[in-house]
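Chain residues, written in single-letter form:
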Amino acid sequence: MNFVAPDFMPVLPELFVLTMTCLVLVVDVFLEQRQRHITYGLAQLTLLGAALLTLVTYAHAPVTTMFGHYVKDAMGDLLKLFIYLSSAAVFLYSRDYLRRRNLFKGEYYVLGLFGVLGMMVMVSAHSLLSVYLGLELLSLSLYALVVVDRDSPVASEAAMKYFVLGSLASGMLLYGISMIYGATGSVDLQLVADAAGKQGVDNLVLVFGLVFLVVGLSFKLGAVPFHMWLPDVYQGAPTSVTLFIGSAPKLAAFALIMRVLVEGLGSLQGDWQQMLVILAVLSIATGNLIAIAQTNIKRMLAYSTISHIGFMLLGILAGTPDGYAAAMFYTIVYVLMAVGAFGVIILLSRTGFEAENIDDFKGLNDRHPWLAFVMMMIMMSMAGVPFLAGFYAKWMVLQAAVNVGLVWLAIFGVVFSVIGAFYYLRVVKCIYFDKSEQSELIEISLDTEIIISVNGLLLVVIGLYPTALMTWCSVALLN
Amino acid sequence: MLSELPLLSLAIWFPILGGVAVLFVGDDNPGRAKALTLTVAILTFLFSIPLFTLFDSTTATMQFEELLPWIPAFSVNYHLGVDGFSMPLILLTAFMTVVVVIAGWEVIQYRIAQYMAAFLIMAGLMIGVFAALDAMLFYVFFEAMLIPMFLIIGIWGGPRRVYATIKFFLYTFLGSVFMLIALIYMYSQSNSFEILDFHRLPLSLHEQVLIFFAFLLGFAVKVPMWPVHTWLPDAHVEAPTGGSVILAAITLKIGGYGFLRFALPITPDAANLLDWLVITMSLVAVVYISLVALIQQDMKKLIAYSSIAHMGFVTLGFFIVFGIYRHTGSLSGATLGIEGGMVQMVSHGFISGALFLCVGVLYDRMHSRQIKDYGGVVNTMPVFAMFMVLFGMANAGLPGTSGFIGEFMVILSSFRANFWLAFLAATTLMLGAAYTLWLIKRVIFGDIGNSQVAALEDVSTREIVMLGLLAAAVLLLGVWPDPLTSVMHASVENLLQHITATKL
């Protein structure tokens, strides 16, 4: 039997990230604490290099490699670029935060980069096996990251909860995968799709597998009723880690759904559409209602994430190319908003002070008008007010739902987005209408300030001219 | 040469960019920020004047059109243009912005640059609402207005400002999201977001009724019509003077404008079917809200309720046309209804804005809005008393002031539909006079109420300028309304032709 080496060119960015991560791991061992910024620099360099490689090899037509387990296509490449971008922002925002808390260690960056690699694998997976591998690589990195501050009991509890529930979800996913393998005889998504198309929807084992798969995915996404871990993890983890969990992995999760449900099991759309409708309705309702009662802003944003996941599912369940493009646009915009929101939270934290409560935002306009403005833009964008990117995201998914006749679902969505606007407004109220209880200056390094400004302004720019990003999304999904 | 400039874009983006510039000047340079704001506001008004002078009032087609693709994926265009309905409202907006900037000149001490910038941005967005010919562009401007107004009420407002501003935001937001669904639905039917394409889009009665309710919800909250008016008294009372003026003078008009631009022409059959509903709501506003205004103890609240009652006239005028058409079979009287509603909108913009400014003048001196704290103001502030009495008379609909024209036209046209409708509407002449004149009597006339009133100083030059501008406008429109009615005449005729032809 001859061994034919697969084509490694399409996985060049992945190989680069893997090599660099190992290099960071080794180099970091030889560094003293005061030289730790070298680790940080290397990590950013890795992301930059990966971005360049992805850009240079940008796939205009899909290429499969690794014996069908891996695909490089435009959707994957676009998502990867945003994964690098948001991860780079995460590393930057958390740098000073980590340093002030004596958490400025190589582990954070190594685990973060392995997480990025996991996401890249998820995004480009073309078989159920590689989907699972990527997901686990990401999840295991995240479990460890949550407890990066190992002396914090809250973080330990959150990590434990995350680990147990996450493992359960992985189990469900594997069980679903094994059933699908049993029904179709393959894990390659193309072959699964062919077999599923031939057998039709009557195959009980296949549908059974689909149910487990959707349950597993919902766990990872944090869709209601599988969301219980999400608020605890968001609140318990150090803000720098919450920032990471809350941003780039959502892009990977979107890709996961696209690969498995749409590419692999597209012929079962009638089945998974109903499941996603239930998940979307519950997520939008629960997320928005419970967020109102929160006083901790990280927990509030966790529930807000849940509701945004619901909206994103609205686009996917429409089951049309427009709907997928809308969901992709939604996810990208959401990640930009989440990175910005947690970024502002992290910048408000100082040595010995953790900005966690909505009240910590009181009077921000008096203390730092520009940061206040950025945070207001992010909140208004999350609420879906126009001239901000969040509005177009909501509009596109609603339009996708209306186009396939799900008008009631769109009405449900907008009603709850009005309810949701309340808690975003409450943050703006604290920033602008209340007087500050603290007088300490907010210290922000110049590079962070530039990036947070760019982050906030990007929402306005996309809001004024959403066409570019919309086109990228729909073109990426076409081929 | 002037007509080749993109005047509408200029009127929208110049104040918005000016507002951003004012933000950058910052609160550390209040003098420079104020001067810049006033310059931008006056220039914006000057840019909007050619819209009036170059306007061709013989045609109902859109003028000063600008068309650029904006979001081609969903065929959304940056499409601007004005007709006889929107052009006067754009002028009103630009004019009131100047007045508001003057009004806030010395009064606002806290974060003056942010205050001024908010009003400039607000002005640009409101002009955008009136100029947009693409439904999505309209919606975007319509919603974006919420942010500056939310901040204006919340930062510079009174003691209960947080409650008032969140209520304002959520009410309006809830009203408009249904409109968004309606717009998306119509896009899925027509593959276009052009408002004029929506006008031609055939829709079944069932669809029309649902879309009509979506519009009704969105615009009735904005107008505001009874029973969704409760945000207005709160917002008005808590807002700073400038905020109240803009709310009353312009944002309420957007609701009325929305009926003319969307609800009536897009869903004529549903509007015909359900005109009784809107007319009932309008008459409740006219009669019941007038009675509510009568018992108010707070001057601002009284004027707020009076605004609701006066806006009831506007919606009555717009929807009475179906009754006239059914009753007489001709359109001749119907013109009067819609034109009356439009005149009422513009006139109410001047009068209510002026009354809020008057209350603001008093409040700045006494820090009270309670009627009982005043009395005999005429003795210490004769010039001010003259203005306030003039605006009070205009509010009561005295002939010779702009308040009379609109009300008279609407009442006249309702007579052609139904005597009792007209009778109920005409009670406003009585009730409006009652609550306004009683307010004037208690605040302005009589003996000096207390030592604080005795120490009042009369209006400054700045205040005379802002009140004088409005007084001139009220009187001019009162004796010579023709420039206003003649520019809208062709558009009104066109609209009537359109809405009386069934879409079914």
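So, a few notes on the structure that sits alongside this text. Everything numeric in this text was worked out from a predicted model, so none of it was measured.

Definitions and limits used
The numbers attached to residues start from 1 for each chain and follow its sequence in the written order. Labels are handed out in written order, letters beginning with A for the chains and numbers beginning with 1 for the ligands. Note on the predicted model: pLDDT of at least 70 is required for a residue's local features to be given, and 80 or more for side-chain atom pairs to be given and counted; whole-chain, interface and lining totals, by contrast, use all residues. Only hydrogens and water are set aside; all other atoms, that is, all heavy atoms of the structure, feed into the side-chain values. Labels follow the DSSP assignment, with helices taken as runs of H or I lasting at least four residues and strands as runs of E lasting at least two, numbered in each case from the N terminus. Each radius of gyration reported is based on C-alpha atoms, and the globular scaling rule is 2.2 Å times the count of residues to the power 0.38. Residue burial is assigned from relative accessible area. The probe radius is 1.4 Å, only protein chains are included, and a residue is buried under 20% of its type maximum, exposed over 50%, and partly exposed in between. Any two residues whose heavy atoms approach within 4.5 Å are treated as being in contact. The term buried area refers to how much accessible surface (probe radius 1.4 Å) is lost by two components on association, counted for both of them together. In the sections that follow, a salt bridge refers to a side-chain nitrogen of Lys or Arg positioned within 4 Å of a carboxyl oxygen of Asp or Glu. Three categories are distinguished: nonpolar for Ala, Val, Leu, Ile, Met, Phe, Trp, Tyr, Cys and Pro, charged for Asp, Glu, Lys and Arg, and polar for the others, with Gly belonging to the last. Simply put, an axis is a line fit to the C-alpha atoms, just over the touching stretch for a helix, and the angle between two N-to-C directions goes from 0 to 180 degrees. Should an angle fall under 35 degrees it is called roughly parallel, over 145 degrees roughly antiparallel, and 65 to 115 degrees roughly perpendicular, with every other angle called oblique. The term nonpolar core refers to a set of buried residues drawn from Ala, Val, Leu, Ile, Met, Phe, Trp, Tyr and Cys, joined through side-chain atoms within 4.5 Å. Planes of paired rings set the category: under 30 degrees apart is stacked, over 60 is edge-to-face and the rest tilted, where pairs are Phe, Tyr or Trp rings (Trp by its six-membered ring) whose centres lie within 6.5 Å. Put simply, a charge is over a ring when the Lys NZ or the Arg CZ is close to the ring centre, within 6 Å, and near the line of the ring normal, within 35 degrees. Using only the protein atoms, space was sampled on a 1 Å grid; points where a 1.4 Å probe fits but cannot get out form cavities, open sets with protein on both sides within 12 Å along at least five of seven lines form pockets, and lining residues are those with an atom within 4 Å of a point. Grid points are joined across faces, edges and corners, and a volume is the space filled by probe spheres set on the points.

## With respect to the overall build of chain B
Working step 1: Counting its secondary structure elements, chain B contains 22 helices and two strands.
Working step 2: The C-alpha atoms of chain B give 22 Å as radius of gyration, which agrees with the globular expectation for 504 residues (23 Å, within 12%).
Working step 3: Projected onto the principal axes, the alpha-carbon positions of chain B cover approximately 70 × 55 × 45 Å.
Working step 4: Each of the 504 residues in chain B was classed as buried or not, and the buried ones make up 66%.

## Quick word on the interface of chain A and chain B
Interface size is commonly expressed as the accessible area that is lost once the parts come together.
Working step 1: With 40 residues of chain A in contact, the opposing surface of chain B contributes 38 residues.
Working step 2: Between chain A and chain B, a total of about 3500 Å² is buried, with carbon and sulfur atoms accounting for 81% of that surface.
Working step 3: On the chain A side of the interface with chain B, the three residues burying the most area are A:Phe387, A:Trp395 and A:Phe433, jointly 20% of the side's total.
Working step 4: At the junction of chain A and chain B, the tally comes to one salt bridge.
Working step 5: A salt bridge links B:Arg111 to A:Asp366; the nearest nitrogen and oxygen atoms lie 3.2 Å apart.
Working step 6: Mapped by element, the contributors of at least two residues to the side of chain A that touches chain B are helix H15 (364-367), helix H16 (369-383), helix H17 (389-403), helix H18 (407-433), helix H19 (446-464) and helix H20 (467-478) of chain A.
Working step 7: Looking at the side of chain A that touches chain B, the element that brings in the most residues is H18(A), giving 14 residues.
Working step 8: Considering only residue class, the side of chain A that touches chain B consists of 30 nonpolar, seven polar and three charged.

## Some details on the packing of helix H3 (residues 74-100) of chain A against helix H14 (residues 321-348) of chain A
Residues and elements named next belong to chain A.
Working step 1: The contact between H3 and H14 brings their axes to 10 Å, and the two run at 5°. In terms of orientation, H3 lies roughly parallel with respect to H14. Residue-level inspection shows Met 75, Leu 78, Leu 79, Phe 82, Ser 86, Ala 89, Tyr 93, Ser 94 and Tyr 97 of H3 in contact with H14, the latter providing Met 328, Ile 332, Val 335, Val 339, Gly 343 and Ile 346.
Working step 2: Within the contact of H3 with H14, the residues separate by chemical class into twelve nonpolar, three polar and no charged.

## A short note on the nonpolar core
Working step 1: With 397 residues, the main nonpolar core has A:Trp395 and B:Phe384 as its most contacted residues.
Working step 2: The element that contributes the greatest number of residues to this core is H14(A), accounting for 22 residues.
Working step 3: Each residue touching A:Trp395, except ones within four places of it in the same chain, is listed here: A:Met470, B:Ile71, B:Phe74, B:Val76, B:Met136, B:Leu180, B:Ile184 and B:Phe193.

## Regarding the pattern of salt bridges
Working step 1: Scanning all chains against the criterion turns up 25 salt bridges over all chains.
Working step 2: One salt-bridge network, held together by shared partners, links A:Arg95, A:Asp96, A:Arg99 and A:Asp447.

## Topic: the packing of aromatic side chains
For any pair of aromatic rings, geometry is given as the distance between the ring centres together with the angle between the planes.
Residues and elements named next belong to chain B.
Working step 1: According to the stated counting rule, one finds 58 aromatic pairs over all chains in the structure shown.
Working step 2: Between Phe 14 and Phe 47, the ring centres sit 5.2 Å apart and the planes meet at 85°, which makes this aromatic pair edge-to-face. With Phe 14 in helix H1 (residues 7-25) and Phe 47 in helix H2 (residues 30-53), this residue pair connects regions lying 33 residues apart in the sequence.
Working step 3: Under the relative-accessibility criterion, Phe 14 is labelled partly exposed at 26%.
Working step 4: By the ring-pair criterion, three or more aromatic residues cluster together here, those being Phe 138, Phe 142, Phe 212, Phe 213, Phe 215, Phe 219, Phe 259, Phe 262, Phe 319 and Phe 322.
Working step 5: Over the ring of Phe 142 we find Lys 222, and its NZ or CZ is 4.9 Å from the ring centre.
Working step 6: Positioned above the aromatic ring of Trp 438, the side-chain terminus of Arg 442 is 3.7 Å from the ring centre.

## Points about empty space enclosed by the protein
Working step 1: Inspection of the entire model under this criterion finds nine cavities of 30 Å³ or more.
Working step 2: Computed from the structure, the largest cavity encloses a volume of approximately 200 Å³.
Working step 3: Taken together, 17 residues line the largest cavity, and the ones lying closest to its centre are A:Ser139, A:Leu142, A:Tyr162, A:Lys220 and A:Trp229.
Working step 4: For the lining of the largest cavity, the secondary-structure elements that each account for two or more residues are helix H5 (128-146), helix H6 (153-184), helix H8 (204-221) and helix H11 (248-264) of chain A.
Working step 5: The greatest single-element share of the lining of the largest cavity, amounting to five residues, is contributed by H5(A).
Working step 6: Residue classes in the lining of the largest cavity are distributed as 13 nonpolar, two polar and two charged.
Working step 7: Taken as a whole, the second largest cavity spans an internal volume of roughly 90 Å³.
Working step 8: Lining of the second largest cavity is provided by 13 residues; of these, A:Gly384, A:Lys394, A:Ser417, B:Val177 and B:Leu180 occupy positions nearest its centre.
Working step 9: Breaking the lining of the second largest cavity down by element, the ones donating at least two residues are H17 and H18 of chain A together with helix H5 (135-144) and helix H7 (161-190) of chain B.
Working step 10: The class makeup of the residues in the lining of the second largest cavity is nine nonpolar, two polar and two charged.

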